[in-house]
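Understanding the architecture of this molecule
Listed here are the chains, written in short residue letters.
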Amino acid sequence: PYSLQAGNTYTLIYNATAPPSRGYSTAVSTTSIAITITRGLVVALIKGGSSKQFPIDQTLSLDASSSYDQDSKTATLNYKWSCIFASFSNYGSSCDSAFGNVDTTESIVKLTGSSMSVSFSYNFQVTVTSSDGRSSSAVILVQPTIGGGVLISLTSQFNSINVNDKLSVNGYLLARYSV
């Protein structure tokens, strides 16, 4: 694996010779095919799925260390984390201040919950870039919660629903104390 260089075109030539037989002379045939090796993708991954809740009295760890370059298992990748508000009131504006003094060029960043507000949702994005400039991004939606509080999750089997259909929603409640 990895012995052909991306960006190069290789020509494979096949020569076939059939010896004389039953009155036929020697048969010779040649064919060729050009194969161009293209670059693979850089794949950005954030551990933990596409969304998470976390108590603001804890540390939020965002981990993109599983990201990879399809062309090389040992490629050096560069990381750049950013934050955009996902809440209606400030949707699309920067929330990079949530990083505080954290180095946003590491594959794993650890943020203090106190740098965020339970009133807002945050989209944290990592852009992963290879040494030759190929890149990919991944996003995780983060919703801070009150520390030591209650975690509530609502799910539905439907992505969309007809206005005349019955909607079914499942709920899950987790608390550190009796509720």
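Residues numbered from 1 in each chain as written. Predicted model: local features only at pLDDT ≥ 70, side-chain atom pairs only at ≥ 80, totals over all residues. Heavy atoms only, no water.

Some thoughts on unusual backbone geometry
One non-glycine residue with positive phi stands out, namely Arg 22, at about 45°. Topologically, Arg 22 is positioned in the loop between β1 (9–18) and β2 (27–36). Looking at Arg 22, the relative accessible area reads 81%, which means it is exposed. (Helix = DSSP H or I, 4+ residues; strand = E, 2+ residues; numbered from the N terminus. Buried < 20%, exposed > 50% of the residue type's maximum accessible area, 1.4 Å probe, protein only.)

Notes on the packing of aromatic side chains
Applying the stated criterion to the full structure yields 4 aromatic pairs. Between Phe 85 and Tyr 122, the ring centres sit 5.3 Å apart and the planes meet at 40°, which makes this aromatic pair tilted. Here Phe 85 is found in strand β7 (residues 77–85), whereas its partner Tyr 122 is found in strand β9 (residues 122–130), with 37 residues between them in sequence. Ring centres of Tyr 122 and Phe 124 lie 6.1 Å apart, and the angle between their planes is 20°; on these two criteria the pair is classed as stacked. With relative accessibility at 4%, the residue Tyr 122 sits in the buried group. Every member of this aromatic cluster is reached through a ring pair, and the members are Phe 85, Phe 99, Phe 120, Tyr 122 and Phe 124. (Phe/Tyr/Trp six-rings, centres within 6.5 Å; stacked < 30°, edge-to-face > 60°.)

Some words on the side chain of Thr 104
Looking at the secondary structure, you find Thr 104 in the loop between β7 and β8 (108–112). Each residue touching Thr 104, except ones within four places of it in the same chain, is listed here: Tyr 79, Lys 80, Trp 81, Phe 99 and Val 109. (Contact = heavy atoms within 4.5 Å.)

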